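Architecture at a glance
Here is how the chains run, residue by residue.
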Amino acid sequence: MSFLAPPLMPEEAAARIGWFIRLRWLAAAGVLVFAVVGDRLLKLQFAIAPFILIGIFIALYNAAFMLLTHRVRPVGRWTNRFAFAQVGIDILTLTVLMHFGGGIENPFISYFLFHTIIAAILLPRYKAELQVVLASICIVILAIAEFTGLLTHHHIVGLLPVELELYNNWKFVTVALFALITTLFIAAFLAASIAQRLHQRERQLAQANEILKEQDRIKSQYVMRVAHDLAGPAAMISSCLQLVTKGLTGPIPEKALDMVQSAQRKSKFLGHLIKDLLSLSRIKAAKEIPKTEVKLQGIINQVFEDLQQRVAEKNLTLEQKFPATLPAVYGNTEAIHELFCNLVTNAVKYTLVGGQVEVTASNKGEEVLVKVQDNGVGIPAEALPHIFEEFYRADNVKVEAMEGTGLGLSIVKQILNTHGGKIWVESEQGKGTTFSFTLLVAGDTGVAGHIRKEV
Ligand code: ADP
């Protein structure tokens, strides 16, 4: 029966490789510090030059690993192979370091433990087992080679009395090897047991998350059907009421007119609610939406045109700053239009008469950053964490002139989720609000790159 942990998912392994590389900087620094402290402070006598060279060697190959991680970005099976090679090179380097530092007599020989633990956490089962075996073989060969005189033993004079010659004492060598190797295997077993449980939990959580997502999708399909069925009758009610209030069905008493007008307002709101519900459930129900290159300039022009009348009514200044060199983004034209429409409509709605709304875009390498800024009523600090929640509306906008469904920002968030984008907000009540969001640039090689980012 094998005792080591199951392999990590490739993404988890890739993340931990980064951590492993950071840890190795410490190891390189530790070797160099030991060389200096041992020599200057502890007045030990040992082969200092190999220590410094090995410290530099570790730093150099770690830099190479770091470059490889950033440039080549090993994926899939290569992530594991890359981790395997790193642990192997570390074990061999540590063996050489131990040889120059007193071999089996060196108290730091227990540092092989770190590599077995890291291997048990990072690598698939059989590869981790191979590393534990490799470490054991290296230690045995080192001890036997020094014992038999095949390799010169390097004393650390000042640490242990030289005349003890422990490396040459077969009883000490046998017991030390036994203790060390059993410790390596037991440590690997313990690390693997803990890692195994953690991996299982992570997988269970990931599965539960998938089930929840699927259920949410089914719920959204249901909401979509209901909203779709409600849309027709609601539109019908609204136009009938309009005919009545316009007097096209004949004169009606003033009191009745008041009531019909109020019903008309509510039916208009119902229409908005159904439209937003349809949009939100459509995005949530879709597994994937088709994407292509999208030019933002055309979209923003269209949104500004649609809002012209409301902007004029409120005497607002509506401006856009889109550089001519702005690259196209990778997305769904309709969805991105809806995203801009919701954010700019909100800015117009929540800005008081005579205010200003500005939309700016800038190129940030692989992303385009868009800001929708207004000097309107702002969002109270306590409402900020909730504004992307479905149906949430802050207290300061619950007035008739600023009526809303509380779904616009949820739609925006969902659209950005399906586009690999991020959104954040800065606001001060009474001063104004800025929504910033990012979309991925569509490049020549971009499409594949973006799909990878969205995963
Ligand atoms: P609504 O239909 O109410 O506008 P949204 O989901 O679009 O729904 O927005 C949620 C809430 O966030 C709004 O009710 C409002 O409190 C706040 N909000 C959104 N945009 C702005 C803005 N530009 N200025 C002030 N408050 C805003």
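Preceding this paragraph is the structure being described.
So, here is what we can say about the structure in this document.

Turning our eyes to something else, we now look at the overall build of the protein chain. Looking only at helices and strands, the protein chain has eleven helices and seven strands in total. The C-alpha atoms of the protein chain give 34 Å as radius of gyration, which overshoots the globular expectation for 455 residues (23 Å, by more than 25%). Principal-axis analysis of the C-alpha atoms gives the protein chain an extent of 120 × 45 × 40 Å. Buried residues in the protein chain amount to 41% of all 455 residues. Considering only residue pairs separated by 6 or more positions, the protein chain has 74% of its internal contacts joining residues 24 or more positions apart. Carbon together with sulfur atoms contributes 64% to the accessible area of the protein chain, which is approximately 25500 Å² in total. Once the 43 positive and 39 negative side-chain charges of the protein chain are each reduced to a mean point, those two points are 3 Å apart.

A word on helix 7 (residues 254-285). Over its 32 residues, helix 7 extends 46 Å from the first C-alpha to the last, a length consistent with the 46 Å expected when each residue adds 1.5 Å. Listing the buried residues of helix 7 in full gives V260, S267, I274, D276, L278, S279, L280, S281, I283, K284 and A285.

Right, let's talk about the pattern of salt bridges for a bit. Tallying each qualifying case throughout the model produces 13 salt bridges. Here D90 ties to R24 by a salt bridge, and the two come within 2.9 Å at their closest N and O atoms. Of the two residues, D90 is situated in helix 3 (residues 77-100) and R24 in helix 1 (residues 10-41); the sequence distance between them amounts to 66 residues. Across the pair K398 and D395 runs a salt bridge, and its minimum N-O distance is 3.4 Å. On the accessibility criterion, D395 (64% relative accessible area) is exposed. When salt bridges that share partners are traced, they join D216, K219, K284 and E390 into one network.

Aromatic rings in a pair are described by how distant their centres are and how their planes are angled relative to each other. Going through the model one piece at a time under the given rule, you end up with eleven aromatic pairs. Relative to F46, the ring of F34 has its centre 5.8 Å away and its plane inclined at 45°; by these criteria the two rings are tilted. One end of the pair, F34, is in helix 1; the other, F46, is in the loop between helix 1 and helix 2 (48-71), and twelve residues separate them in sequence. Judged by relative accessible area, F46 falls into the buried class, the value being 12%. Ring centres of Y61 and F65 lie 5.5 Å apart, and the angle between their planes is 70°; on these two criteria the pair is classed as edge-to-face. Remark: F65 and Y61 occur in helix 2; sequence separation between them is four residues, near one turn of the helix. Of the two residues, Y61 and F65, neither departs from the other in class, the shared state being buried. Of the aromatic side chains, those joined through ring pairs into one cluster are F34, F46, F51, F108, Y111 and F114. Stacked on the ring of F20, the Lys or Arg R24 has its end atom at 4.5 Å from the ring centre.

Following the sequence through the fold, G365 ends up in the loop between strand 4 (356-364) and strand 5 (367-374). For G365 and V441, which are 76 residues apart along the polypeptide, the C-alpha to C-alpha distance reads 7.8 Å.

A separate point is the site of the ligand. With respect to spatial proximity, 20 residues lie near the ligand, and among them N346, Y350, R393, T405 and L409 are the closest. A distance of 2.7 Å separates an oxygen atom of the ligand from a polar side-chain atom of N346. One nitrogen or oxygen atom from the main chain of L409 is found 2.8 Å from an oxygen atom belonging to the ligand. Elements represented by at least two residues in the shell around the ligand include exactly helix 9 (333-349), helix 10 (408-418) and strand 7 (432-440). For the shell around the ligand, the leading source of residues is helix 9, giving three residues. Residue composition of the shell around the ligand, grouped by class: ten nonpolar, seven polar and three charged.

Calculation notes
Residues numbered from 1 in each chain as written. Predicted model: local features only at pLDDT ≥ 70, side-chain atom pairs only at ≥ 80, totals over all residues. Heavy atoms only, no water. Helix = DSSP H or I, 4+ residues; strand = E, 2+ residues; numbered from the N terminus. Rg over C-alpha atoms; globule rule 2.2 N^0.38 Å. Buried < 20%, exposed > 50% of the residue type's maximum accessible area, 1.4 Å probe, protein only. Contact = heavy atoms within 4.5 Å. Areas by Shrake-Rupley, 256 points an atom, 1.4 Å probe, with all protein chains shown as cover. Lys, Arg positive; Asp, Glu negative; His and termini not counted. Charge placed at Lys NZ, Arg CZ, Asp CG, Glu CD. Expected span 1.5 Å × (residues − 1). Salt bridge = Lys/Arg side-chain N within 4 Å of Asp/Glu carboxyl O. Phe/Tyr/Trp six-rings, centres within 6.5 Å; stacked < 30°, edge-to-face > 60°. Lys NZ or Arg CZ within 6 Å of the ring centre and 35° of its normal. Near = heavy atom within 4 Å. Polar contact = N/O pair within 3.5 Å; in protein donor to acceptor, adjacent residues only side chain to side chain. Nonpolar A, V, L, I, M, F, W, Y, C, P; charged D, E, K, R; others polar.

Shape descriptors only; they carry no functional weight alone.
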